Amino acid sequence: EAAVTQSPRNKVTVTGGNVTLSCRQTNSHNYMYWYRQDTGHGLRLIHYSYGAGNLQIGDVPDGYKATRTTQEDFFLLLELASPSQTSLYFCASSDARQDTQYFGPGTRLLVL
Amino acid sequence: GQQVQQSPTSLVLQEGENAELQCNFSTSLNSMQWFYQRPGGSLVSVFYNPSGTKQSGRLTSTTVIKERRSSLHISSSQITDSGTYLCAMEPASSGQKLVFGQGTILKVYL
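The following paragraphs examine the structure supplied in this document. (Residues numbered from 1 in each chain as written. Chains lettered and ligands numbered in written order. Predicted model: local features only at pLDDT ≥ 70, side-chain atom pairs only at ≥ 80, totals over all residues. Heavy atoms only, no water.)

**Points about the overall build of chain B**
- When helices and strands are tallied, chain B shows zero helices and 11 strands.
- Shown N-terminal to C-terminal, the secondary structure of chain B runs as helices and strands in the order β-β-β-β-β-β-β-β-β-β-β.
- Rg of the C-alpha trace for chain B: 13 Å, near the compact-globule value of 13 Å for 110 residues, within the 12% margin.
- Projected onto its principal axes, the C-alpha coordinates of chain B cover approximately 45 × 25 × 20 Å.
- A total of 110 residues make up chain B; the buried ones form 48% of that total. (Helix = DSSP H or I, 4+ residues; strand = E, 2+ residues; numbered from the N terminus. Rg over C-alpha atoms; globule rule 2.2 N^0.38 Å. Buried < 20%, exposed > 50% of the residue type's maximum accessible area, 1.4 Å probe, protein only.)

**Section: the environment of D59 of chain A**
- Tracing the chain through its elements places D59 of chain A in the loop between β6 (56-57) and β7 (65-68).
- A sequence separation of 19 residues divides D59 of chain A from G40 of chain A, and the C-alpha atoms of the two residues are 16 Å apart.
- If near-sequence neighbours (up to four positions away) are discounted, D59 of chain A is found in contact with L45 and I46 of chain A together with K97 of chain B. (Contact = heavy atoms within 4.5 Å.)

**So, the sheet that holds strand β8 (residues 73-78) of chain A**
Residues and elements named next belong to chain A.
- One open sheet accounts for four strands, arranged β1-β3-β8-β7; its pairing is antiparallel. Each end of this open sheet is capped by a strand with a single partner; those strands are β1 (4-7) and β7. Averaged over all neighbouring strand pairs, the angle between strand axes comes to 15 degrees, with direction disregarded.
- Summarising the sheet, strand β3 (residues 19-25) and β8 pair through six bridges and their orientation is antiparallel. Directly across from T20, in β8, lies its bridge partner L77. (Pairing = 2+ DSSP bridges. Axes fitted to C-alpha atoms, helices over the stretch in contact; angles between N-to-C directions.)

**Describing the pairing of strand β6 (residues 52-56) of chain B**
Residue and element names in this part refer to chain B.
- In this structure, β6 lies alongside strand β7 (residues 59-64), joined through five bridges in antiparallel fashion. Within β7, the residue paired with T53 across the bridge is T62.
- In textbook terms, the turn of a hairpin is the stretch between consecutive antiparallel strands, and for β6 and β7 this stretch comprises two residues, one of which, G57, has a positive phi near 60 degrees.

**Section: the layout of surface pockets**
- Approximately 510 Å³ is the volume found for the largest pocket.
- Surrounding the largest pocket, 26 residues form its lining, Q37 and T39 of chain A together with T84, Q102 and I105 of chain B being those nearest its centre.
- Looking at the lining of the largest pocket, the elements that each hand over two or more residues are β4 (31-38) of chain A together with β1 (4-7), β9 (83-91) and β11 (104-109) of chain B. (1 Å grid on protein atoms, 1.4 Å probe; cavity = no way out; pocket = protein on both sides within 12 Å on 5 of 7 lines; lining within 4 Å. Points joined across faces, edges and corners; volume = space filled by probe spheres on them.)

**As for the side chain of Q6 of chain B**
Residue and element names in this part refer to chain B.
- With respect to the helices and strands, Q6 occurs in strand β1.
- A distance of 3.1 Å separates a polar atom in the side chain of Q6 from the backbone nitrogen of C87.
- Here the side chain of Q6 touches G103 through a polar contact of 2.9 Å, landing on its backbone nitrogen.
- The residues touching Q6, leaving out its near neighbours within four places in the chain, are Q22, C23, W34, Y85, L86, C87, G101, Q102, G103 and T104. (Polar contact = N/O pair within 3.5 Å; in protein donor to acceptor, adjacent residues only side chain to side chain.)

**Looking at the interface of chain B and chain A**
- Counting residues at the interface gives 20 residues for chain B and 22 residues for chain A.
- Summing both partners gives a buried area of about 1800 Å² for chain B against chain A, and 48% of it is carried by carbon and sulfur.
- Summed over the shared surface of chain B and chain A, the number is one salt bridge.
- Its salt-bridge partner being K97 of chain B, residue D59 of chain A comes within 3.0 Å of it at the nearest N-O pair.
- Inspection of the chain B/chain A interface yields five residue pairs in polar contact (both at pLDDT 80 or more).
- Of all the secondary structure elements, the ones that give two or more residues to the side of chain B that touches chain A are β4 (29-37), β5 (43-48) and β9 of chain B.
- For the side of chain B that touches chain A, the element with the highest residue contribution is β4 of chain B, accounting for four residues.
- The residue makeup of the side of chain B that touches chain A, split by class, is six nonpolar, 12 polar and two charged. (Buried area = accessible area lost by both parts, 1.4 Å probe. Salt bridge = Lys/Arg side-chain N within 4 Å of Asp/Glu carboxyl O. Nonpolar A, V, L, I, M, F, W, Y, C, P; charged D, E, K, R; others polar.)

Set out below in structure tokens:
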């Protein structure tokens, strides 16, 4: 069973604040992804990675940085948080191209 | 424009009725997947279905790549089927990226 965990599960910060969202997968998957989910927009890909040290730009990368420190760990960084980044953030992983993705439980972020 | 169109946007069924969810894609694709999401919950893969028909219990997915469409059929719906169903495609030119539809919200009542 694929296991993807995220922390924190909930976060409140103020405009201009610094936020780091963490994701860990314990399945030796190569690919990891960060998405945001918003009403009216569905899930949108922010950044993804196919291995430690690798980073690929997604569809909505502005305002976000990401870093893949190990095969297991993928971080999403908001260095100057804005209210428009209030959202539900999901991390996912997959074994290889053309394979199903396994999602974490999500992090709910509120930027005041 | 919207690459993935899902229909209907929402669906209300009485328990025991069947449901047919549709997904249409505006670009060529390598594969597609169906996911299920409980309100406020995470996503769980229902089908990874590059093409053809797949069945799992009461769920059947049919994907026709050439026609850029996929459907998810739920037979004899149950209250526990309630939630959001999302389809996602891997565009032919994307390189490991998924593009999601906005989902179909399904509500099943007694």
